[in-house]
Each structure stands twice: as structure tokens, then as C-alpha cells.
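These are the residues of each chain, in order.
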Amino acid sequence: MLVPVFAALADLILPQHCLGCAAGGPRLCGRCLAPVPARRMPRPVPAGLPECWSAADYAGAVRAAIVAYKERGQTTLARPLAAALAFTACHALASRPAAPVAVVPVPSAARARRSRGHDPVGRLAALAVRQLVASGRRAELWPALGQARQIGDQAGLSATQRAANLAASHRVTPAGKARPAASVLLVDDIVTTGSTLAEAARTLRANGVEVLLAVTVAATRRRS
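Every chain's residues receive numbers from 1 upward, in the order its sequence appears when written. Totals for whole chains, interfaces and linings use all residues, but because this is a predicted model, local features are given only for residues with pLDDT of at least 70 and pairs of side-chain atoms are given and counted only at 80 or more. By convention in this description, side-chain values take in all heavy atoms of the structure and omit both hydrogens and water.

K.L.:
Outline the nonpolar core, supporting the account with residue identities and numerical values.
P.N.:
What makes a nonpolar core is a set of buried Ala, Val, Leu, Ile, Met, Phe, Trp, Tyr and Cys residues whose side-chain atoms join them at distances within 4.5 Å. We call a residue buried when its accessible area falls under 20% of the maximum for its residue type, exposed when it is over 50%, and partly exposed in between, using a 1.4 Å probe and counting protein chains only. The biggest cluster of nonpolar side chains holds 37 residues, and the ones touching the most others in it are Leu81 and Leu124. A run of H or I in DSSP becomes a helix once it reaches four residues, and a run of E becomes a strand once it reaches two; helices and strands are each numbered from the N terminus. Among the elements that take part in this core, helix H4 (residues 78-92) stands out by supplying eight residues, more than any other. Residues Met41, Val104, Ala198 and Ala219 belong to the second largest nonpolar core, which totals 21 residues.

Here it is, written out as C-alpha cells:
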């Protein structure tokens, strides 16, 4: 818990430089973030994965920013990453300009939240909702999902192994019982095989909630 706290304090009191170009100023400047919203689906596409949009490939400055934000407690990066998430959501929803949306963050494991000292995706989702509202879209945060059980480490697993590892790992929270009159957007930081988003969507569908889209900050390029 101490490392994230000290990292957050350092963000506030030390001179900042962009992780991508090292220019003085924000930890991730607009030039290096440069979101390019696009429909980026993993290959192969897991069963049940909703249409998935992301702001960028998981590479370069974006990758460095996500790692620093999630694993090193550099929480000032939440704002630019959430801005990219909201910007991408607006592009994905361009054909549905009037539709209200309920933003559902993919839940982090309790063990991961404790070790990191914060909830990275939950914070991104909350900030993205604020930016969507500020842009004129009707949006609300809907923390409808929680962890039903512990899951094993996903690193190094194939798509099939990830799907098995994640099976029945989510549950609907008490907040999720009250269904909003809005289209549901699942949000996460990264899509790799799509197994996590597919499992989250399956859990919501099993409780009578259809998922319109999934939106992430970045997408990992993978080959079948």
C-alpha cells in the first residue's frame, strides 16, 4: 500500500515529464496519447464478446502510461486515459447520439486492488462518465459487476486458457439489481484475448441485461 501512496505524492510535488516524449508537462501529452478510436476485435473473437472499440494499440507511450497508472500508482495518468476512453466511447456511439448509456467497469480482483492501492478501471470509468456528461451525453456509472471468486494469473495463458480461468468469475452486485433505462457500455483498460469482456457480458446477459458495446483504452495486437 505504501508504494502507490508515495507515487501519488510524487506526482503532485515533483516536476513532470511525458512518458512518451519526455517533454515537460503532463505525464502523457496529447501528442503521445493521440487516440485513434477504432473497432479493434481480438483474433479469434471469443463467443459472446460485444463489439469492442479502443483508443489505441497497446504499445509505446500508451502502454507505458497504462502500466505506470495501474502498477506504479501514478494516478495523475487517470485523467488523460479516461479522456481517451470517453473520446472513443463517443465515436463508437456516433450512430446513437441520443441514447443514454450506463457505463459498467470490469471489476478488478480484490487482491489486485489491495496490492495496487486503488481500483484502476473503476476510476477510469468514473472519470469517463464525467467527461461524457460534460460533452452533453446522458451517461451514468453503473457498478453492476463484482468478482465472484479469485482467478489465477492471466499472464502467459492462451485465449482458451484465459476463458477457462475466467469462467463464472463475475457476479451481479446489489447495485446491478436496479437496471438503468440505458444502453450498457462495458469498459476496461486493455483488451487482449477478449475473454474478460466476454465473461463480463455473459454475466450481465444471464441477468437479463444486454451489452451494447465494449470500450477500452488500448488493444493488444494478437495473431490467431
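K.L.:
Explain helix H3 (residues 60-71) to me, and be specific about the residues and the numbers.
P.N.:
Between its first and last C-alpha, H3 extends 16 Å over twelve residues, near the 16 Å set by a 1.5 Å rise per residue. Buried within H3 we find Ala61, Val62, Ala65, Ile66, Val67, Ala68, Tyr69 and Lys70. By definition here, a helix of n residues has an expected span of 1.5 Å times n minus one.

K.L.:
Explain the packing of H4 against helix H6 (residues 120-134) to me, and be specific about the residues and the numbers.
P.N.:
Where H4 contacts H6, the axes come no closer than 8 Å and their chain directions differ by 60 degrees. In terms of their interaxial angle, H4 and H6 are classed as oblique. Crossing handedness for the pair H4 and H6: right-handed. Where H4 approaches H6, its residues Ala78, Arg79, Leu81, Ala82, Ala83, Leu85, Ala86, Ala89 and Cys90 are matched on the opposing element by Arg123, Leu124, Leu127, Ala128, Arg130, Gln131 and Leu132. Axis definition: a line fitted to C-alpha atoms, over the contacting stretch in the case of helices. Angles run 0 to 180 degrees between N-to-C directions. An angle below 35 degrees is read as roughly parallel, one above 145 as roughly antiparallel, one from 65 to 115 as roughly perpendicular, and any other as oblique. By definition, any crossing whose near helix is turned counterclockwise from its far helix by less than a right angle is left-handed, and any crossing with a clockwise turn is right-handed. Here, two residues are considered to be in contact whenever any of their heavy atoms come within 4.5 Å of each other.

K.L.:
If you had to explain H6 to someone new, which residues and values would you point to?
P.N.:
With 15 residues, H6 extends 21 Å from end C-alpha to end C-alpha; this agrees with the ideal 21 Å at 1.5 Å per step. Residues of H6 that are buried: Pro120, Val121, Gly122, Leu124, Ala125, Leu127, Ala128, Val129 and Leu132. Where H6 terminates, the next one or two residues include glycine 136, which has phi positive at roughly 100 degrees.

K.L.:
Kindly report on the side chain of aspartate 188, identifying the contributing residues and their values.
P.N.:
As for its position among the elements, aspartate 188 is in strand S7 (residues 183-191). Although aspartate 188 is buried, it makes no salt bridge; lysine 70 carries the closest opposite charge, 6.3 Å away. By the counting scheme adopted, Arg and Lys are positive, Glu and Asp are negative, and His together with the chain ends is not counted. Whenever a carboxyl oxygen of Asp or Glu lies within 4 Å of a side-chain nitrogen of Lys or Arg, that contact is scored as a salt bridge.

K.L.:
Requested: an account of the environment of valine 103, with residues and values cited.
P.N.:
Its location among the elements puts valine 103 in strand S3 (residues 101-105). The sequence separation of valine 103 and alanine 128 amounts to 25 residues, and the corresponding C-alpha distance is 8.7 Å. If near-sequence neighbours (up to four positions away) are discounted, valine 103 is found in contact with Ala125, Val129, Leu132, Glu140, Leu141, Trp142, Leu185 and Val187.

K.L.:
Would you mind going over the pairing of S7 in detail, with residue names and values included?
P.N.:
Counting buried residues in S7 gives eight out of nine residues, a clear majority hidden from the surface. Relative to strand S8 (residues 211-219), S7 runs parallel, the two sharing seven bridges. Among the inter-strand pairings, isoleucine 190 is bridged to a residue of S8, identified as alanine 218. Viewed with both strands pointing away, a crossover whose connecting path from the first strand over the helix to the second turns clockwise is right-handed. In this view, the connection linking S7 to its parallel neighbour S8 by way of helix H8 (residues 195-206) has right-handed handedness. Strand pairing is assigned whenever DSSP detects at least two bridges linking the two strands.

K.L.:
Help me get a handle on the sheet that holds S3, residues and values and all.
P.N.:
Taking strand neighbours across the sheet as the criterion, the six strands line up as S1-S2-S8-S7-S3-S4 in an open arrangement whose pairing is mixed. A single partner strand is all that each edge strand has here, and the edge strands are strand S1 (38-39) and strand S4 (139-141). Here S3 pairs with S4 via three bridges, running parallel. Across the sheet, residue valine 103 finds its bridge partner in S4, namely leucine 141. Sheet strands in contact with H3 are strand S2 (52-57), S7 and S8, and its direction is about 100 degrees off that of S8. Lying on the sheet, H4 is in contact with S2, S7 and S8; it crosses S8 at an angle near 140 degrees.

K.L.:
Explain the confidence of the model for the protein to me, using residue names and the numbers behind them.
P.N.:
As a note on interpretation, predicted positions should not be read in detail where pLDDT is low. On a scale of 0 to 100, pLDDT captures the predictor's confidence in every residue. Mean pLDDT for the protein: 83, with 79% of residues reaching 70 or above. Mean pLDDT in the protein bottoms out at helix H1 (residues 2-13), which sits at 40, and peaks at S2, which reaches 97. Per-residue pLDDT stays below 50 along residues 1-15; that stretch engages in 17 contacts with residues further than four places along the chain or on separate chains.

K.L.:
So what's going on with the pattern of salt bridges? Which residues, and what values?
P.N.:
Scanning the model with the defined rule gives five salt bridges in all. Arginine 40 is the salt-bridge partner of aspartate 57, the closest N and O atoms lying 3.4 Å from each other. Of this pair, aspartate 57 sits in strand S2 while arginine 40 is found in the loop between S1 and S2, placing the two residues 17 residues apart along the sequence. Classification of aspartate 57 by relative accessible area gives partly exposed; the value is 25%. The partner of arginine 202 in a salt bridge is glutamate 199, with the nearest N and O atoms 3.0 Å apart. One end of the pair, arginine 202, and the other, glutamate 199, are both in helix H8, three residues apart, so they sit about a helical turn from each other.

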